[in-house]
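# Coordinate inspection notes
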Amino acid sequence: MIYSHEVKMMCPVAQGVNHGAAPIPEEAKWVKAKEVTDISGFTHGIGWCAPQQGTCKLTLNVKEGIIQEALIETIGCSGMTHSAAMASEILPGKTILEALNTDLVCDAINTAMRELFLQIVYGRTQSAFSEGGLQIGAGLEDLGKGLRSQIGTMYGTLAKGPRYLEMAEGYVTGIALDEDNEIIGYQFVSIGKMMDFIKKGDDANTALEKAKGQYGRVDDAVKIIDPRHE
């Protein structure tokens, strides 16, 4: 250890009382975190790239400092999908400190990792007061049947109004309008369910019909328009 001349000439003064780190909530315990292995928690975070043309939602399940589970969801940029693929291989097995200092290929994913790190080390996780935390696999629960991300894609113009393209329920195939041309419902296809039906042996048309659904007052519609091809 190298000390400056000024420090060497100082008179020693005792540090006095040192209470240590403030405890943080972790999986229904109060923990004074001193080492990376003291950190556990399950949480989500979001990140964005410098040009802000894409975003990432990152979900991590950390047990005793080690990332056991990672869910990477991206939107808005085609290159991000490949970065997410690499991140899914990179993150599990690393400590949160290693992950913070690892290039996760995409700025949005790196930023999401930074935001998650802050939540986790400050005890702001979703599992902070859940005894034992959340089981490995909890990250998939947000995806639902078919394991698809919850995506909302809408488009609108002043000249022609709104177009619903993708909802939580699935791919929007029709927009129901009333006599004033106002939206009163929509039709959709659950892509996850449709693919499951196909994998079980249904032909494409049968699977498509079984995976269809609707929301709102579709039956009262004066007309139904295709949001993509009118």
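Higher on the page you've got the structure.
These notes cover the structure that comes with them. (Residues numbered from 1 in each chain as written. Predicted model: local features only at pLDDT ≥ 70, side-chain atom pairs only at ≥ 80, totals over all residues. Heavy atoms only, no water.)

Next up on the list: the overall build of the chain. For the chain, the helix and strand inventory stands at 6 helices and 11 strands. Here the chain has a C-alpha radius of gyration of 25 Å; the compact-globule value for 230 residues is 17 Å, and the former is much larger. Each principal axis of the C-alpha atoms in the chain carries an extent, and together these give about 85 × 45 × 30 Å. Within the chain, the proportion of its 230 residues that are buried is 34%. When contacts within the chain are restricted to residue pairs at least 6 apart in sequence, long-range pairs at least 24 apart make up 51% of them. Taken as a whole, the chain presents about 14400 Å² of accessible surface, with 54% of it coming from carbon and sulfur. (Helix = DSSP H or I, 4+ residues; strand = E, 2+ residues; numbered from the N terminus. Rg over C-alpha atoms; globule rule 2.2 N^0.38 Å. Buried < 20%, exposed > 50% of the residue type's maximum accessible area, 1.4 Å probe, protein only. Contact = heavy atoms within 4.5 Å. Areas by Shrake-Rupley, 256 points an atom, 1.4 Å probe, with all protein chains shown as cover.)

A word on the sheet that holds strand β4 (residues 55–63). Strand order in the open sheet formed by 3 strands is β3-β4-β5, with antiparallel pairing between adjacent strands. With partners counted over all chains shown, the strands left at the sheet margins are β3 (41–48) and β5 (66–75), one partner each. Mean inter-strand twist for the sheet, computed between neighbouring axes without regard to direction, equals 15°. Relative to β4, β3 runs antiparallel, the two being bridged by 8 bridges. Considered in β4, the bridge of I46 is made with K57. Strand contacts of helix α2 (residues 78–90): β4 and β5, with the helix running at about 175° to β5, the strand carrying the most contacts. (Pairing = 2+ DSSP bridges. Axes fitted to C-alpha atoms, helices over the stretch in contact; angles between N-to-C directions.)

Looking now at a nonpolar patch on the surface. Nonpolar side chains collect at one region of the surface, where M1, Y3, V7 and M10 lie side by side and expose about 520 Å² of accessible area between them. Inspection of the secondary structure puts V7 in helix α1 (residues 5–8). Looking at V7, the relative accessible area reads 37%, which means it is partly exposed. (Patch = residues over 30% accessible without salt bridge, like charges linked within 9 Å, V, L, I, M, F, W, Y side chains within 5 Å. Salt bridge = Lys/Arg side-chain N within 4 Å of Asp/Glu carboxyl O.)

Moving on, we get to the packing of aromatic side chains. One pass over the full model with this rule turns up 4 aromatic pairs. A ring pair is formed by Y186 and F188, whose centres lie 6.3 Å apart and whose planes are at 55°; its orientation type is tilted. Through pairs of rings, three or more aromatic residues link up here, namely Y164, Y186, F188 and Y215. Across the ring face of F197, the terminal group of K210 is positioned such that the distance to the ring centre comes to 4.4 Å. Positioned above the aromatic ring of Y171 is the side chain of R228, whose terminal nitrogen or guanidinium carbon lies 3.8 Å from the ring centre. (Phe/Tyr/Trp six-rings, centres within 6.5 Å; stacked < 30°, edge-to-face > 60°. Lys NZ or Arg CZ within 6 Å of the ring centre and 35° of its normal.)

Secondary-structure assignment places T102 in the loop between α3 (96–100) and α4 (107–121). With 11 residues separating them along the chain, T102 and L91 place their C-alpha atoms 8.8 Å apart. Contacts of T102, omitting those with residues within four sequence positions, involve I90, K94 and N110. At 2.5 Å, the side chain of T102 and the backbone oxygen of E98 are in polar contact. (Polar contact = N/O pair within 3.5 Å; in protein donor to acceptor, adjacent residues only side chain to side chain.)

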